[in-house]
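Chain and residue survey
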Amino acid sequence: MRRSVLNFVLAIGFFAVAAGILVARGAPASGYESSIYLGTPQATWVAIGFALAIAVGTVLSCRGPRQAVGIVLGGTAMTAVVALPAIRNYRFTGMGDALTHLGWTRDFVDGAMYPHELFYPGLHSIASVFHLAGGIPLERSILLTVVFLFVPFVIFVPLVVRDVTGSAAAVGFAAIASWMILPINNVATHMGAHTNSNALFLVPVVIFAFVAYTRRRTDLETLPLGISPLGALIFLTGAGLLLVHPQQMVNVVVMLVAISAVQFLARRRYEDHPIRHHAPAYAHAISLGGLFLVWAASNERFRDAFAGLIYGVFAADIGASSEVDQRGGSLTEIGGSIGELFVKMFLVSALVSLVVGLFILLTWLGRTRLDLETKSFVTYFVGALVPLTGMFLVYFVGTPTMAFRQVGFIFVLLTILSGIALAHGVGWLSGVITSPGASAVASLVLGACLVLALLTVFSTPYIYTPTQHVTDQQFSGYESSFEHGEETTPYAGFGFGVERYGHGIHGVERDPNVTYTAGGEEVVDADAFNDGNYTGAYPTDRYYFVVTDYDTTRELEVYDELHHDEAALRGIETDSNANKFLSNDQYTLYGVHNGSV
């Protein structure tokens, strides 16, 4: 393609992204959206898809500056997708941990808590800066912080591969793999204000610092006391990762320990090998590990989580197997299956894992054309996967949620390795057919994978989990309820508890003794509620019952009345023991009391 025509096509791609953003911005959410994909105008998806098609074609067929422009185009398009909640003026998104993170951010701003008092204050501190410096509402500040923390992922994954291989083809494939956002699995890692997930997107920054330190260190590049600036960068980026979420920093320490072991063994076995000339990672593994221990030792939250993991490993009926059995039965009841859900959520991840696994096997057998320098880094990453996978198995037995968080980190490394693997695979294919034919096949396959991966960036009914969209009406409904309701009367939700909204609205630390529930019960008992026994559905004689559009969408439409009957929800309207106290388009509050009270 002529240079002028290619420049024009790339320009059209950027205009398409801009147009898609403007269209989405011009169609803000007017109410609760169970699927952000269906709520976003089709024109936006057409524009982003068009831009991604141009980006994929460019990064695979071009080299040099135009390939870099194609990578920027694709990264910009995916960043626009991640930013859709903010672009479409969502009040907030996320109804679990995200609301608690909002509460901690509110505590920071109100002075009820200081950043050093929180185990991982990174996201909250950045959001506080956006709020205080820009006058942006706290909820929106957090949505923007999520985007801010995502951007390094699409930048540094291709940069890591460039430094490792020097291959333009591998850089292009790595960039495309990064757009699939494989670390997000919607089981325990999520796109939103979820610090463990947000930290995953910063891991490539630490890996880039390590690769740069290993390959570029010279005696002339020193800071005072003989410290390497790139070595210091590893420590600083690792410390930054610690502040966003310590679990991913621990994974980085494990990775560095494994790499140190590889370096130690290589130095003992080989007299002349590139690894012997690499700067050792020993000091960084020790210093970052020590930093984590110092940070964690004084934190009660970490000690409780660690104790829970140990208990889960040895206790009966705790672990992923029992949880999978339970969820599999529920999916069957609503017409789905574990197999179907796996295909929707993990097909692309499984294909990438298969490609990387085959590439590693062929590398060990000496059937790839990797030079010794690149092979050394592949050995580093593969060596790190061994203990990381072992940790996954321990988590799988003890705490399934932690196991799938571990999968998120593993897929950061697999995303990097997939760029190298795909470049070699397509190179082999070009020898079987032709180079243009191999590029065309790669474009079609990767384009299809991008589409499938794009469908699971956010939770939606497609994967049996509606979008956790918090609307203005929901937020104002909870605010009015908390302001005007009796302080001694607890709240019960229809399918989702109220406690998290209390965190988001009032803060977590403002008054730790304040509770919105009775006896730890956050929702009504489904069996009693379905029987019309509204007063017996909660362990107190008087309680507030909250139902939102999110609750009804999840329980009645997505779960197909698996737990709650629609007739029972309608029945509370006419029950003599229930009064409607507050209602808007998205939120309804009932007061339920025993007739004798």
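Residues numbered from 1 in each chain as written. Predicted model: local features only at pLDDT ≥ 70, side-chain atom pairs only at ≥ 80, totals over all residues. Heavy atoms only, no water.

**A short note on the overall build of the protein**
Just so we agree on the cut-off: Comment: elements are numbered from the N terminus, with helices defined as DSSP H or I runs of at least four residues and strands as E runs of at least two. The globule rule is 2.2 Å times the number of residues to the power 0.38, and the radius of gyration it is compared with is taken over C-alpha atoms. Categorising residues by exposure relies on relative accessible area from a 1.4 Å probe, with only protein chains included: less than 20% of the type maximum marks a residue as buried, more than 50% marks it as exposed, and the intermediate range marks it as partly exposed. The contact criterion used is simple: two residues touch if any of their non-hydrogen atoms lie within 4.5 Å. When charges are counted, Lys and Arg contribute as positive and Asp and Glu as negative, whereas His and the chain ends are disregarded. One atom stands in for each charge, and that atom is NZ of Lys, CZ of Arg, CG of Asp or CD of Glu.
A count of helical and extended segments in the protein gives 25 helices and 6 strands. Against the compact-globule benchmark of 25 Å for 597 residues, the protein has a radius of gyration of 26 Å, which places it among compact chains. Projected onto the principal axes, the alpha-carbon positions of the protein cover approximately 85 × 55 × 50 Å. Going through the 597 residues of the protein one by one, you find that 53% of them count as buried. A fraction of 74% describes how many contacts in the protein between residues 6 or more apart in sequence connect residues 24 or more apart. Averaged over its 31 positive side-chain charges, the protein has a centre that lies 20 Å from the centre of its 45 negative ones.

**Describing the sheet that holds strand 4 (residues 542-548)**
In plain terms, the rule: DSSP bridges decide pairing: two strands pair if at least two such bridges lie between them. Angular values range over 0 to 180 degrees, each being the angle between N-to-C directions of two axes fitted as lines to C-alpha atoms, with helices fitted over their stretch in contact.
Strand order in the open sheet formed by 4 strands is 3-4-6-5, with mixed pairing between adjacent strands. The strands lining the two open edges of the sheet, one partner per strand, are strand 3 (491-493) and strand 5 (578-583). Ignoring strand direction, the axes of neighbouring strands in this sheet form an average angle of 30°. Two strands pair when backbone bridges link them, and strand 4 and strand 6 (residues 587-593) are joined in this way by 7 bridges, in the antiparallel orientation. The partner of Tyr544 across the bridge, within strand 6, is Gly591. Running at roughly 35° to strand 6, helix 21 (residues 472-484) makes contact with strand 3, strand 4, strand 5 and strand 6 of the sheet.

**Describing the pattern of salt bridges**
The following threshold applies: The term salt bridge refers to a side-chain nitrogen of Lys or Arg lying within 4 Å of a carboxyl oxygen of Asp or Glu.
Taken as a whole, this structure holds 11 salt bridges when the rule is applied. One salt bridge connects Asp472 with Arg91, and the closest N-O pair in it is separated by 3.2 Å. On the criterion of sequence distance, the pair formed by Asp472 in helix 21 and Arg91 in the loop between helix 5 (84-87) and strand 1 (92-93) is long-range, its members being 381 residues apart. Here Arg91 falls in the partly exposed class, since its relative accessible area comes to 22%. Notably, a salt bridge pairs Arg162 with Asp163, separated by 3.8 Å at the nearest N-O pair. Taking the relative accessible area as the measure of exposure, Arg162 reaches 41% and is therefore partly exposed.

**Some words on the packing of aromatic side chains**
What counts is decided by this rule: Stacked, edge-to-face and tilted labels apply to pairs of Phe, Tyr and Trp rings (six-membered ring for Trp) whose centres lie within 6.5 Å, assigned for plane angles under 30 degrees, over 60, and everything in between, in that order.
With the rule as written, the count across this model stands at 30 aromatic pairs. Their ring planes at 80° and their centres at 6.0 Å tell us that Tyr32 and Tyr550 sit as a pair that is edge-to-face. Taken together, the residues span a long stretch of sequence, with Tyr32 in the loop between helix 1 (3-25) and helix 2 (36-39) and Tyr550 in helix 24 (residues 549-558) at a distance of 518 residues. We classify Tyr32 as buried; its relative accessible area is 12%. Their ring planes at 90° and their centres at 5.5 Å tell us that Phe377 and Tyr380 sit as a pair that is edge-to-face. Taken together, the residues span about one helical turn, with Phe377 and Tyr380 both in helix 18 (residues 372-398) at a distance of 3 residues.

**Quick word on unusual backbone geometry**
Although it is not a glycine, Asn186 adopts a positive phi angle of roughly 60°. Assessed through its relative accessible area of 14%, Asn186 is described here as buried. The backbone of Glu561 shows a phi angle near 60°, a positive value even though the residue is not glycine. Turning to its location among the elements, Glu561 is positioned in the loop between helix 24 and helix 25 (566-571).

**Description of the environment of Leu52**
Relative to the assigned elements, Leu52 resides in helix 3 (residues 42-61). Setting aside residues no more than four positions away along its own chain, Leu52 makes contact with Gly74, Ala77, Met78 and Trp179.

**Considerations on the side chain of Ser260**
Here is the rule: Identification of polar contacts relies on pairs of N or O atoms within 3.5 Å, with a donor-acceptor requirement for protein atoms, meaning one able to donate a hydrogen and the other able to accept it, and with residues adjacent in sequence counted only if both atoms are side-chain atoms.
The residue Ser260 is located in helix 13 (residues 246-269) in this model. Within polar-contact distance, the side chain of Ser260 engages the backbone oxygen of Leu256 at 2.8 Å. Ignoring any residue separated from it by four or fewer positions in sequence, one finds Ser260 in contact with Ala281, Tyr282 and Ala285.

**A short note on helix 4 (residues 65-82)**
Just so we agree on the cut-off: Multiplying 1.5 Å by the helix residue count minus one yields the expected span of that helix.
For helix 4, with 18 residues, the first-to-last C-alpha span of 26 Å sits near the 26 Å given by 1.5 Å per residue. Of all the positions in helix 4, only Gln67, Gly70, Ile71, Leu73, Gly74, Gly75, Ala77, Met78, Thr79, Ala80, Val81 and Val82 are classed as buried. On its buried face, helix 4 sits against helix 1, helix 3, helix 5, helix 8 (138-165), helix 9 (168-179) and helix 20 (435-454).

**Points about the packing of helix 11 (residues 203-216) against helix 13**
So the rule is basically this: Here is the rule for angles: anything less than 35 degrees is roughly parallel, anything more than 145 is roughly antiparallel, 65 through 115 is roughly perpendicular, and the remaining ranges are oblique. In this scheme, a crossing is called left-handed if the near helix is turned counterclockwise away from the far one by less than a right angle; it is called right-handed if the turn is clockwise. Note on residue categories: nonpolar means Ala, Val, Leu, Ile, Met, Phe, Trp, Tyr, Cys or Pro, charged means Asp, Glu, Lys or Arg, and polar means any other residue, Gly included.
Running from N to C, helix 11 and helix 13 point in directions that differ by 25°, and their axes come no closer than 11 Å. The angle between helix 11 and helix 13 places the two elements in the roughly parallel class. Pair helix 11 / helix 13 crosses with right-handed handedness. Packed against helix 11, whose contacting residues are Val203, Val206, Ile207 and Phe210, the element helix 13 presents Gln248, Val252, Met255, Leu256 and Ile259 at the interface. Class assignment for the residues of the contact of helix 11 with helix 13 results in 8 nonpolar, 1 polar and no charged.

**Some points on the packing of helix 11 against helix 12 (residues 229-244)**
Direction vectors running N to C along helix 11 and helix 12 enclose 165°, while the axes themselves pass 8 Å from each other. Relative to helix 12, the element helix 11 is oriented roughly antiparallel. When you trace helix 11 past helix 12, the crossing you get is left-handed. Between helix 11, through Val203, Val205, Val206, Ala209, Phe210, Ala212, Tyr213 and Arg216, and helix 12, the contact on the second element is made entirely by Leu230, Gly231, Leu233, Ile234, Thr237, Gly238 and Leu241.

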